[in-house]
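Structural overview
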Amino acid sequence: AQSVTQPDIHITVSEGASLELRCNYSYGATPYLFWYVQSPGQGLQLLLKYFSGDTLVQGIKGFEAEFKRSQSSFNLRKPSVHWSDAAEYFCAVGAGQAGTALIFGKGTTLSVSS
Amino acid sequence: SAVISQKPSRDICQRGTSLTIQCQVDSQVTMMFWYRQQPGQSLTLIATANQGSEATYESGFVIDKFPISRPNLTFSTLTVSNMSPEDSSIYLCSALRLAGYNEQFFGPGTRLTVL
């Protein structure tokens, strides 16, 4: 069965420091992979997605993610975190028809300290 | 892009009652979905809303409890039936177009509290 694991429930990073959020997936075929962000009281916003091709994917707000098939991972990175990045981050794999039904990880809460 | 609105944005209901949540997209979309986000938890797919036919439910979700309609390409409803406190969650609608696999957009959610 498809699944997504985000090993870190909560991460605190100093403002200006680099960030890496981990995501591992289990999926039989070539996965469609996504990172979403949910700010308090806000809806979900897509940060980036991977379907095929270049394994390093650039997203919005300075985020990037690298697909590593050998490790079944799709980790999210940002070189310098801003206080406004504090939010809940969800990794998801697309299942079903054309990978449209999303299976989400449990999420990682990011706190940013000054 | 697509803008999705949901009504109501929140509600407090008594156990045993039912609530219908509406999802409206500002343009025609290929697929629409309903997700549940229980307190402090991740999102779980309830079902795919199919236009003009019965929804496709994920394991653990049944039509009697969560009837879904999708009469056209821009609108869907989810009903939470015979509610219990365990149904207290945020319910989110999402939509996407399959052409080139566009982004799956999410609505703002409906926060439901069942007393």
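Going by the structure above, here's the rest.
A few points on the structure. Keep in mind it's a predicted model, so treat the numbers as computed, not measured.

Re the overall build of chain B
What chain B contains, in helices and strands, is 0 helices and 11 strands. Ordered by position from the N terminus, the helices and strands of chain B form the series β-β-β-β-β-β-β-β-β-β-β. Over its C-alpha atoms chain B spans a radius of gyration of 13 Å, differing by no more than 12% from the 13 Å that the globule rule assigns to 115 residues. Taking all 115 residues of chain B together, 50% fall into the buried category. Counting only contacts in chain B whose residues sit at least 6 apart along the sequence, the fraction spanning at least 24 positions is 56%. Approximately 5300 Å² of chain B is accessible, and the part contributed by carbon and sulfur atoms is 48%.

Observations regarding unusual backbone geometry
Cis geometry marks the peptide bond from K7 of chain B to P8 of chain B; its omega dihedral reads -5°. Summarising the element assignment, P8 of chain B is placed in the loop between β1 (4–7) and β2 (10–13). Unlike most non-glycine residues, K61 of chain A shows phi in positive territory, near 60°. The residue S72 of chain A is not glycine, and still its phi comes out positive at about 50°. Looking at the secondary structure, you find S72 of chain A in the loop between β8 (64–68) and β9 (73–78).

Here's the deal with the packing of aromatic side chains
Under the counting rule described, the total for this entry stands at 16 aromatic pairs over all chains. Where F104 of chain A meets F106 of chain B, the ring centres are 6.1 Å apart and the plane angle is 75°; that geometry is what we call edge-to-face. You can see F104 of chain A sitting in strand β11 (residues 101–104) and its partner F106 of chain B sitting in strand β10 (residues 105–106), one on each of two chains. Accessibility classification places F104 of chain A together with F106 of chain B in one group, the buried group. Among the aromatic residues, ring-to-ring pairing joins Y32, F34, Y36, F51, F90 and F104 of chain A together with F33, Y35 and F106 of chain B into one connected group.

So, the interface of chain B and chain A
Listed per partner, the contact involves 16 residues of chain B and 18 residues of chain A. Together chain B and chain A conceal approximately 1500 Å² of surface at their shared face, both sides included; 61% is due to carbon and sulfur atoms. Counting across the chain B and chain A interface gives 0 salt bridges. Looking at the side of chain B that touches chain A, the elements with two or more residues in it are β4 (31–37) and β5 (43–49) of chain B. Top contributing element to the side of chain B that touches chain A by residue count: β4 of chain B, with 4 residues. Across the side of chain B that touches chain A, the residue classes break down as 10 nonpolar, 5 polar and 1 charged.

Re the side chain of S81 of chain B
Structurally, the position occupied by S81 of chain B is in the loop between β8 (75–80) and β9 (89–96). Apart from the residues within four sequence positions on either side, S81 of chain B is in contact with T17, S18, D64, K65 and P67 of chain B.

Topic: the layout of surface pockets
Of the pockets and cavities examined, the largest pocket occupies roughly 650 Å³. Along the wall of the largest pocket there are 30 residues; nearest its centre are Q38 of chain A together with Q37, G40, I90 and R111 of chain B. Of all the elements, strand β11 (residues 110–114) of chain B adds the most residues to the lining of the largest pocket, at 4 residues. Looking at the lining of the largest pocket, its residues break down into 8 nonpolar, 18 polar and 4 charged. As a volume, the second largest pocket reaches approximately 290 Å³. A101, L102 and I103 of chain A together with L45 and E58 of chain B are the residues nearest the centre of the second largest pocket, which is lined by 17 residues in total. Within the residue set of the lining of the second largest pocket, elements represented by two or more residues are β11 of chain A together with β4 and β5 of chain B.

Rules used throughout
- Every residue gets a number counted from 1 within its own chain, in the order that chain's sequence is written.
- Lettering for chains starts from A, numbering for ligands starts from 1, and both go in the order in which the items are written.
- The predicted nature of this model means local features are confined to residues of pLDDT at least 70 and side-chain atom pairs, given and counted, to a pLDDT of 80 or more, with totals for whole chains, interfaces and linings taken over all residues.
- Side-chain metrics in this entry use all non-hydrogen atoms of the structure; hydrogen atoms and water are not considered.
- In this text, helices come from DSSP runs of H or I with a minimum length of four residues, and strands from runs of E with a minimum of two, each type numbered from the N-terminal end.
- Our radius of gyration is a C-alpha quantity, and the globule rule it is checked against amounts to 2.2 Å times the number of residues to the power 0.38.
- Exposure classes here rest on a 1.4 Å probe applied to the protein chains alone. A residue is buried below 20% of its type maximum, exposed above 50%, and partly exposed in between.
- Whether two residues are in contact is decided by their heavy atoms: any pair within 4.5 Å suffices.
- Note on areas: Shrake-Rupley with a 1.4 Å probe; residue coverage comes only from the protein chains shown.
- Aromatic pairing here means that ring centres of Phe, Tyr or Trp (its six-membered ring) are within 6.5 Å. Orientation follows from the plane angle: under 30 degrees is stacked, over 60 is edge-to-face, and everything else is tilted.
- By definition, the buried area sums, over both parts, the 1.4 Å-probe accessible area that each loses when the two are put together.
- Here a salt bridge means any side-chain nitrogen of Lys or Arg lying within 4 Å of a carboxyl oxygen belonging to Asp or Glu.
- Think of it as three bins: nonpolar holds Ala, Val, Leu, Ile, Met, Phe, Trp, Tyr, Cys and Pro, charged holds Asp, Glu, Lys and Arg, and polar takes everything else, Gly as well.
- The method works on a 1 Å grid over the protein atoms by themselves. A cavity is a set of points holding a 1.4 Å probe that cannot get out, a pocket is an open set with protein on both sides within 12 Å along at least five of seven lines, and residues with an atom within 4 Å of a point line them.
- Grid points are joined across faces, edges and corners, and a volume is the space filled by probe spheres set on the points.

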